[in-house]
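Examining the three-dimensional arrangement
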Amino acid sequence: MFVAIAVAGSVFVSFPAGIARAYPIQHAVNVIAAITLGPIPALTIAFLTGLVRILTGTGSLLAFPGGMIGAYLAGILYQRFGKPAFAAIGEVIGTGIIASLFAVPYAKILMGTTVTAFFFMPPFLVSSVSGALLGVILAARLNRSAIRTKLEI
């Protein structure tokens, strides 16, 4: 269900972020999956979302590092500290900083582009910050709802 929400959300919710487009729903799903399921399932959801988006032509190869690193780090930080804000911080650091740095050699090898980290960092940061904030807000709303007992947030 998380993969379907992230894929559908990327089709309907995006906005310009410098030289690229921001897809905050992916990052919101990463935060919620990290909180509810943990780091490995969040990583798996991000991978599958990226795969579906690439196969359907709605995403680029950057969907892999852009989603997976942040999802995993969000899960690790939430597991360590137990607070949704740390999942959001993990998403932003993982996607906005680490994935944007990783994207430089990745893009050169797999996509044939030669750009610097500053090419990827602004859009990755805008997308991950907006999505992480949305994810924390949604997690708080889920925590207050009747779903909480089933999700054990």
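Residues numbered from 1 in each chain as written. Predicted model: local features only at pLDDT ≥ 70, side-chain atom pairs only at ≥ 80, totals over all residues. Heavy atoms only, no water.

1. Observations regarding the packing of aromatic side chains
Quick reminder of the rule: Any pair of Phe, Tyr and Trp rings, taking the six-membered ring for Trp, is counted once the centres come within 6.5 Å. Such a pair is stacked with planes under 30 degrees apart, edge-to-face with planes over 60 apart, and tilted for the rest. When the NZ atom of lysine or the CZ atom of arginine is within 6 Å of a ring's centre and also within 35 degrees of its normal, the charge is said to sit over that ring.
Using the criterion set out here, one finds one aromatic pair in the structure. Arranged with centres 4.3 Å apart and planes meeting at 25°, the rings of Phe81 and Phe86 form a pair that is stacked. Here Arg53 stacks its cationic end above the ring of Tyr23, 4.6 Å away from the centre of that ring. Geometry around Phe81 places Arg80 over its ring, the cationic atom sitting 5.1 Å from the centre.

2. With respect to the confidence of the model for the protein chain
As a note on interpretation, predicted positions should not be read in detail where pLDDT is low. What counts is decided by this rule: A residue's pLDDT is the predictor's confidence in that residue, given on a scale from 0 to 100. Note on conventions: DSSP H or I runs of at least 4 residues are helices, E runs of at least 2 residues are strands, and numbering of each starts at the N terminus.
Per-chain confidence: the protein chain averages 85 in pLDDT, with 84% of residues scoring 70 or above. Mean pLDDT values for the elements of the protein chain range from 55 in helix 7 (residues 148–151) up to 95 in helix 2 (residues 24–36).

3. Some thoughts on a nonpolar patch on the surface
What counts here: Like-charged residues within 9 Å of one another, or nonpolar side chains (Val, Leu, Ile, Met, Phe, Trp, Tyr) within 5 Å, are grouped into patches, provided each residue has over 30% relative accessible area and no salt bridge. Each accessible area value is a Shrake-Rupley result obtained with a 1.4 Å probe; residue values ignore everything except the protein chains displayed when judging cover. Any Lys or Arg side-chain nitrogen found within 4 Å of a carboxyl oxygen on Asp or Glu counts as a salt bridge. Each residue is assigned to one of three classes by its accessible area relative to the maximum for its type, calculated with a 1.4 Å probe on protein chains only: buried under 20%, partly exposed between the two thresholds, exposed over 50%.
On the surface, a cluster of nonpolar side chains totalling about 380 Å² of accessible area is made up of Ile89, Ile93, Ile97, Ile98 and Leu101. In this structure, Ile97 sits in helix 5 (residues 84–111). On the basis of relative accessibility, which here comes to 35%, the residue Ile97 falls in the partly exposed class.

4. Some thoughts on helix 1 (residues 2–12)
For clarity, the threshold we go by: This arc is taken over the directions from the axis of the helix to the C-beta atoms. It only takes one pair of heavy atoms within 4.5 Å for two residues to be counted as in contact.
Where helix 1 is concerned, the buried positions are Ala6, Val7, Gly9 and Ser10. End-on, the buried residues of helix 1 take up no more than an arc of 165°, which puts them together on one face. Turning to helix 1, the residues buried within the fold contact helix 2 and helix 3 (39–55).

5. Here we look at helix 2
Put simply, the rule is: Each helix should span, by expectation, one fewer than its residue count multiplied by 1.5 Å.
The end-to-end C-alpha distance of helix 2, which contains 13 residues, comes to 18 Å, matching closely the 18 Å that a straight helix rising 1.5 Å per residue would cover. Within helix 2, 13 of the 13 residues are buried, which leaves it mostly tucked inside the rest of the structure.

6. Quick look at the nonpolar core
Going by this rule: In plain words, nonpolar cores are sets of buried Ala, Val, Leu, Ile, Met, Phe, Trp, Tyr and Cys residues tied together by side-chain atoms within 4.5 Å.
Membership of the largest hydrophobic core comes to 18 residues, with the highest contact counts inside it found for Val29, Val31, Ile35, Ala42, Ala87 and Ala132. Contributing elements (two or more residues each) for this core: helix 2, helix 3, helix 4 (63–81), helix 5 and helix 6 (117–144). Ranked by residue count, the leading element in this core is helix 2, at six residues. Listed in part, the five residues of the second largest apolar core include Leu62, Ala99, Ala103 and Phe120.

7. As for the layout of surface pockets
What counts here: A cavity here means a set of 1 Å grid points, computed over protein atoms only, where a 1.4 Å probe fits but cannot escape. A pocket is an open set with protein on both sides within 12 Å along at least 5 of 7 lines, and lining residues have an atom within 4 Å of a point. Grid points are joined across faces, edges and corners, and a volume is the space filled by probe spheres set on the points. For this scheme, ten residues count as nonpolar: Ala, Val, Leu, Ile, Met, Phe, Trp, Tyr, Cys and Pro. Four count as charged, namely Asp, Glu, Lys and Arg, and the remainder, Gly too, count as polar.
For the second largest pocket, the calculated volume is near 290 Å³. Every residue lining the second largest pocket is counted, 12 residues in all, and those nearest its centre are Met1, Phe2, Ile5, Ile32 and Leu142. Put simply, the parts of the chain that give the lining of the second largest pocket at least two residues each are helix 1, helix 2 and helix 6. Class assignment for the residues of the lining of the second largest pocket results in 11 nonpolar, one polar and no charged.

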